[in-house]
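Structural characterization, general
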Amino acid sequence: MDFEKLDVWKRSARLSADLYLHFADSRDFGFKDQITRSGLSVPSNIAEGMARPTANDRIRFLYIAKGSCAELRTQVYIGMEIGYIEREKGQLWVAETKEIAAMLTGLIRKQPAFEPG
């Protein structure tokens with residue numbers, strides 16, 4: 001399946017772009033780098049995983065994407081706490097990361113348990 005057709009990839013790519021736009025003028029380069037990298041990691045790992053030839057490879061990269069999603073959610077919470085992210089926007093991003101993680105779980109479960117070589 002082409003990753004571009006996956007709603008989870010589309011949503012995570014839009015979230016990543018939103019993060020980049022939000023932090024474009026941030027002077028805290030450490031925080032900006034970390035949150036944009038974790039955000040970028042989600043759609044990137046979905047794409048890489050879906051391009052892999054075996055279910056085990058796909059699942060491994062989808063779990064990496066899910067982990068990056070949790071990392072991003074943590075950074076959003078911290079960003080709200082320190083005033084870098086407005087509460088309303090942060091809550092939207094938290095909800096989106098939770099939905100993306102749930103979608104990734106569903107995609108992982110859809111992968112065949114065994115693929116003959």
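Look a little higher up for the structure.
None of these values were measured; they are calculated from a predicted model. (Residues numbered from 1 in each chain as written. Predicted model: local features only at pLDDT ≥ 70, side-chain atom pairs only at ≥ 80, totals over all residues. Heavy atoms only, no water.)

Points about the nonpolar core
Proteins that are soluble and globular tend to have nonpolar side chains buried together. With 25 residues, the main nonpolar core has I35, I46 and V76 as its most contacted residues. Apart from residues no more than four positions distant in its own chain, I46 is found in contact with L6, V8, W9, S12, L62, A65 and L104. (Core = buried A, V, L, I, M, F, W, Y, C linked by side-chain atoms within 4.5 Å. Buried < 20%, exposed > 50% of the residue type's maximum accessible area, 1.4 Å probe, protein only. Contact = heavy atoms within 4.5 Å.)

Considerations on a nonpolar patch on the surface
Together, I78, I82 and Y84 make up a nonpolar patch on the protein surface, roughly 260 Å² of accessible area in all. As for its placement among the helices and strands, I82 is situated in the loop between α3 (55-81) and α4 (87-110). On the accessibility criterion, I82 (47% relative accessible area) is partly exposed. (Patch = residues over 30% accessible without salt bridge, like charges linked within 9 Å, V, L, I, M, F, W, Y side chains within 5 Å. Areas by Shrake-Rupley, 256 points an atom, 1.4 Å probe, with all protein chains shown as cover. Salt bridge = Lys/Arg side-chain N within 4 Å of Asp/Glu carboxyl O. Helix = DSSP H or I, 4+ residues; strand = E, 2+ residues; numbered from the N terminus.)

Some words on the packing of helix α1 (residues 7-22) against helix α2 (residues 29-50)
Closest axis-to-axis distance for the α1/α2 pair is 9 Å, and the angle between their directions is 160°. The angle between α1 and α2 places the two elements in the roughly antiparallel class. Relative to α2, the crossing made by α1 is left-handed. On α2, the residues touching V8, W9, S12, A13, S16, L19 and Y20 of α1 are I35, T36, G39, L40, V42, P43, I46 and A47. (Axes fitted to C-alpha atoms, helices over the stretch in contact; angles between N-to-C directions. Parallel < 35°, antiparallel > 145°, perpendicular 65-115°, else oblique. Left-handed = near helix turned anticlockwise from the far one by under 90°.)

Structural notes on the packing of aromatic side chains
Under the criterion given, the structure shown has three aromatic pairs. Where F31 meets Y84, the ring centres are 5.2 Å apart and the plane angle is 80°; that geometry is what we call edge-to-face. Placement of the pair is F31 in helix α2 and Y84 in the loop between α3 and α4, with a sequence separation of 53 residues. Residue classification places Y84 among the partly exposed residues on the basis of a relative accessible area of 32%. (Phe/Tyr/Trp six-rings, centres within 6.5 Å; stacked < 30°, edge-to-face > 60°.)

Brief notes about the pattern of salt bridges
Tallying each qualifying case throughout the model produces eight salt bridges. For the salt bridge of D33 with R37, the shortest nitrogen-to-oxygen distance reads 2.8 Å. Here D33 and its partner R37 are both found in helix α2, four residues apart, which amounts to about one turn of the helix. Using a relative accessible area of 35% as the deciding quantity, one classes D33 as partly exposed.

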